[in-house]
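# Inside the fold
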There are 2 protein chains.
Amino acid sequence: MSLDASKVKVTRVETPSKPRPNDELVFGQTFTDHMLTIEWTADKGWDVPEIKPYGNFSLDPSSCVFHYAFELFEGLKAYRTADNKISMFRADKNMARMNKSAARICLPNFEQDELIKLIGKLIEQDKHLVPEGQGYSLYIRPTMIGTTNGLGVGTPDRALLYVITSPVGPYYKTGFKAVRLEATDYATRAWPGGVGDKKLGANYAPCILPQLQAAKRGYQQNLWLFGPEKNITEVGTMNVFFVFKDSKTGKKELVTAPLDGTILEGVTRDSVLELARENLSSDEWIVSERYYTIGEVEERAAKGELVEAFGSGTAAVVSPIKEIGWNGNDITVPLLPGEQCGALTKQVAEWIADIQYGRKEHKDWTRIVADLN
Amino acid sequence: MSLDASKVKVTRVETPSKPRPNDELVFGQTFTDHMLTIEWTADKGWDVPEIKPYGNFSLDPSSCVFHYAFELFEGLKAYRTADNKISMFRADKNMARMNKSAARICLPNFEQDELIKLIGKLIEQDKHLVPEGQGYSLYIRPTMIGTTNGLGVGTPDRALLYVITSPVGPYYKTGFKAVRLEATDYATRAWPGGVGDKKLGANYAPCILPQLQAAKRGYQQNLWLFGPEKNITEVGTMNVFFVFKDSKTGKKELVTAPLDGTILEGVTRDSVLELARENLSSDEWIVSERYYTIGEVEERAAKGELVEAFGSGTAAVVSPIKEIGWNGNDITVPLLPGEQCGALTKQVAEWIADIQYGRKEHKDWTRIVADLN
């Protein structure tokens, strides 16, 4: 059976909860009243989708999700627009990536538009819990786990696709706060022939220890380097962008690593690239997806050609960078005078927020899923 | 609180199950009546260990094991000896490796000997279910998962260590059956600076798709190659050994890849190396942990210098290899005339079985944990 949103079975909580005050929202710590679950078996395909009260799963200790990391997830957000509707941002990109992640670890694919409809129906149940205000949103976490019982290492014949949602506040509560990164070459996040471009659980747990080690030395996140060239790939759990300015031509370049199989295909990354190509004058700017190294960053910083740098991801949208520890030195990344970010970082954040909160239309990037009027 | 076996709380099933006939045992498909669980919190450390009826876990959908692969496991076996005792094989090695795996993903460490004692007590409860006969054993699966609720990516502050056991039969029911491997360079199992030397769930799910692709072409497993040199690293989920014979000197060499951080530190690998060094005459044999490539295997096969090859792991102990697909050709690996393995493969299997089933003593490799007399 293929995934069919029209068959959804809805069981509502008896007493809907009240929205928490905005200042009590912590990322991914509290969830809305309902969740979406859909079971899959190799025999029968996708079962009837269920929207039901948020609650625990009961799983056998031999379930393959506990042993062999048959698990993947997505992260996207829904926003309360100025006219009091709920809008999802680029859900089609997340669904496509989720299917790619699933295929890579032999978990089932699904009809993408049906899952978007189901997430819409889930949000509709809890729409009063979507917080209001710039920077506030509903974080949506689609997840798929293998649920085959037994310790043989093989293709799962059972899976559970589920979606939980968490009302969240801005990543930076009191405006941007630029971070210090440690350029990391002793630990490797992703490699050619690996799975670093997929949103698998497997890519996350191994990154915590290097982060703790960086934190001990006073850096908040790792700037992940790759290979003997020390290519810059990602920062923490985000994609990363640098801006250089050619001191001879005066032309600026926005650079990020190319999607070569080691880089997560970030939806925010894609949005930044597309908006930059549309909005920045090509007389003044080049937008590049190319390899670049920590050596280039160091060299161009020394020449005064490093303009700014930021991470990009769904949680923070953009995350400005102020310093990079490398080889015993700190490379200083410029910020706007008296501010905690660069000019483009700020501009990109505005471009994206305008679309997310419905103040500007952009192609088919948003989809209204509920109406609070 | 540190892990303390003496505090264990035992709740027995009401009706112990009867042993299944040996011919119905399938690896990791059926489990004994009891399991061991120990909860850990950052605040209080290890809680009271519990041995209780095997049963489901109840976990929050936001639990970090489902999203970020905070999970690791071990695999070891207990054997029914000729004098009707139950003996565990090299459990200390597995406990040490388990702690290394846990440390790598910021899960808690534990007192190794206490966990061995607890596993012994678990086996004691179900000792009548340990099957009898050469090749039969009780497979033991210690597992640790992060159980922190919430979607922030960070060090788990809650974990669950648990052990389940499964009565198993010989990997090869009717004697050895040599396998065909596909030498795989397009997918990469492990990388320097990665976690391929740890027994993390994260290393397993990504390996299924390449195995299915190899199976489509008629090969049972992947022979994992690494780097531009195409070094041979592992086979499927096992370590791998090759035997070469120098046609000038007549001397044989048993070769496996060195533990450079990309190779699982297999207990069977270690046992094979140690027993080979002890038992093989150094006039006739060299035992090497060194880099070697698929090119060397191809070249030496062409010269008639390839003698045999086998995988090594807890489940199969040794797994003979008969053919390796590479570059559109099949490299033939010799087998004993009319048999499905090479001479050393057979010998190694006997050496190890003699110790496991208590027919020979070897240092402190075995520990009696129960007595059926």
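Residues numbered from 1 in each chain as written. Chains lettered and ligands numbered in written order. Predicted model: local features only at pLDDT ≥ 70, side-chain atom pairs only at ≥ 80, totals over all residues. Heavy atoms only, no water.

### What about the relation of the copies chain B and chain A?
Relative to chain A, chain B is turned by 180° and slid 0.0 Å along the rotation axis, the superposed coordinates differing by an RMSD of 0.0 Å. What the rotation and shift describe, once combined, is the action of a two-fold rotation axis. When the interface residues of chain B are mapped onto chain A, 97% of them again lie at the interface, so the same face is used by both copies. (Least-squares fit on C-alpha atoms with pLDDT ≥ 70 in both. Contact = heavy atoms within 4.5 Å.)

### Quick notes on the domain arrangement of chain A
All names here are of chain A. Entries for chain A in the domain assignment read domain 1 (5-170) and domain 2 (179-356). Here the C-alpha centre of domain 2 lies 29 Å away from the C-alpha centre of domain 1. Domain 1 puts 21 residues into the contact, and the matching count from domain 2 is 21 residues. For the pair domain 1 and domain 2, the summed buried surface comes to about 1,900 Å²; carbon and sulfur atoms form 59% of the total. By the criterion of area lost to domain 2, the three top residues of domain 1 are Phe73, Phe89 and Arg97, representing 32% of everything that side buries. Here domain 1 and domain 2 share three salt bridges between them. For the pair domain 1 and domain 2, the interface holds 11 residue pairs in polar contact (both at pLDDT 80 or more). Looking at the side of domain 1 that touches domain 2, the elements that each hand over two or more residues are β6 (71-73), β7 (76-80), β8 (85-89) and α2 (91-104). Among the elements that line the side of domain 1 that touches domain 2, the one with the most residues is α2, at six residues. (Domains from an automatic or database assignment. Buried area = accessible area lost by both parts, 1.4 Å probe. Salt bridge = Lys/Arg side-chain N within 4 Å of Asp/Glu carboxyl O. Polar contact = N/O pair within 3.5 Å; in protein donor to acceptor, adjacent residues only side chain to side chain. Helix = DSSP H or I, 4+ residues; strand = E, 2+ residues; numbered from the N terminus.)

### A look at the interface of chain B and chain A
Facing 58 residues of chain B, the contacting portion of chain A comprises 57 residues. Between chain B and chain A, the buried area comes to about 4,700 Å², and carbon and sulfur atoms account for 63% of it. Connecting chain B to chain A are zero salt bridges. Connecting chain B to chain A are 33 residue pairs in polar contact (both at pLDDT 80 or more). Secondary-structure elements contributing two or more residues to the side of chain B that touches chain A are β5 (57-59), α1 (64-68), β6 (71-73), α2 (91-104), β9 (137-146), β10 (158-168) and α4 (208-216) of chain B. As defined by bridge partners, strand β5 (residues 57-59) of chain A adjoins β5 of chain B across three bridges and the pair is classed as antiparallel. The residue of β5 of chain B that forms the bridge with Ser58 of chain A is Ser58 of chain B. (Pairing = 2+ DSSP bridges.)

### Details of the UniProt feature "modified residue: N6-(pyridoxal phosphate)lysine" (unreviewed entry) in chain A
Residue and element names in this part refer to chain A. Under the UniProt annotation, "modified residue: N6-(pyridoxal phosphate)lysine" (unreviewed entry) lies at Lys199. Among the secondary structure elements, Lys199 is positioned in the loop between β11 (179-184) and α4 (208-216). The residues contacting Lys199, other than those within four sequence positions of it, are Leu72, Phe73, Glu74, Gly75, Arg97, Ser101, Tyr204 and Leu264. (UniProt positions renumbered as here; feature names shortened; annotations may be inferred.)

### Here we look at the pairing of strand β13 (residues 231-235) of chain A
All names here are of chain A. Burial within β13 is extensive, with five of its five residues counted as buried. Here strand β12 (residues 221-226) pairs with β13 via four bridges, running antiparallel. When the sheet's bridge partners are listed, Phe226 is paired in β13 with Asn231. Here β13 pairs with strand β14 (residues 238-245) via two bridges, running antiparallel. Within β14, the residue paired with Glu234 across the bridge is Asn239. The turn linking β13 back onto β14 is made up of two residues, and Gly236 within it adopts a positive phi angle of 55°. (Buried < 20%, exposed > 50% of the residue type's maximum accessible area, 1.4 Å probe, protein only.)

### Considering the packing of helix α5 (residues 267-279) of chain A against helix α7 (residues 343-356) of chain A
Residues and elements named next belong to chain A. The interhelical angle for the contact between α5 and α7, taken along N-to-C directions, is 105°, at an axis separation of 10 Å. If you check the angle between α5 and α7, you find them roughly perpendicular. Contact with α5, carried on its side by Thr268, Ser271, Val272, Leu275, Ala276 and Asn279, involves Val348, Trp351, Ile352 and Ile355 of α7 and no other residues of that element. Classifying every residue of the contact of α5 with α7 gives seven nonpolar, three polar and no charged. (Axes fitted to C-alpha atoms, helices over the stretch in contact; angles between N-to-C directions. Parallel < 35°, antiparallel > 145°, perpendicular 65-115°, else oblique. Nonpolar A, V, L, I, M, F, W, Y, C, P; charged D, E, K, R; others polar.)

### What about the pattern of salt bridges?
All names here are of chain B. One pass over the full model with this rule turns up 54 salt bridges over all chains. Between Glu39 and Arg158 there is a salt bridge, with its nearest N and O atoms 3.8 Å apart. Separated by 119 residues along the polypeptide, Glu39 in strand β2 (residues 34-41) and Arg158 in strand β10 bring together distant segments of the chain. By relative accessible area, which is 36% here, Arg158 ends up partly exposed.

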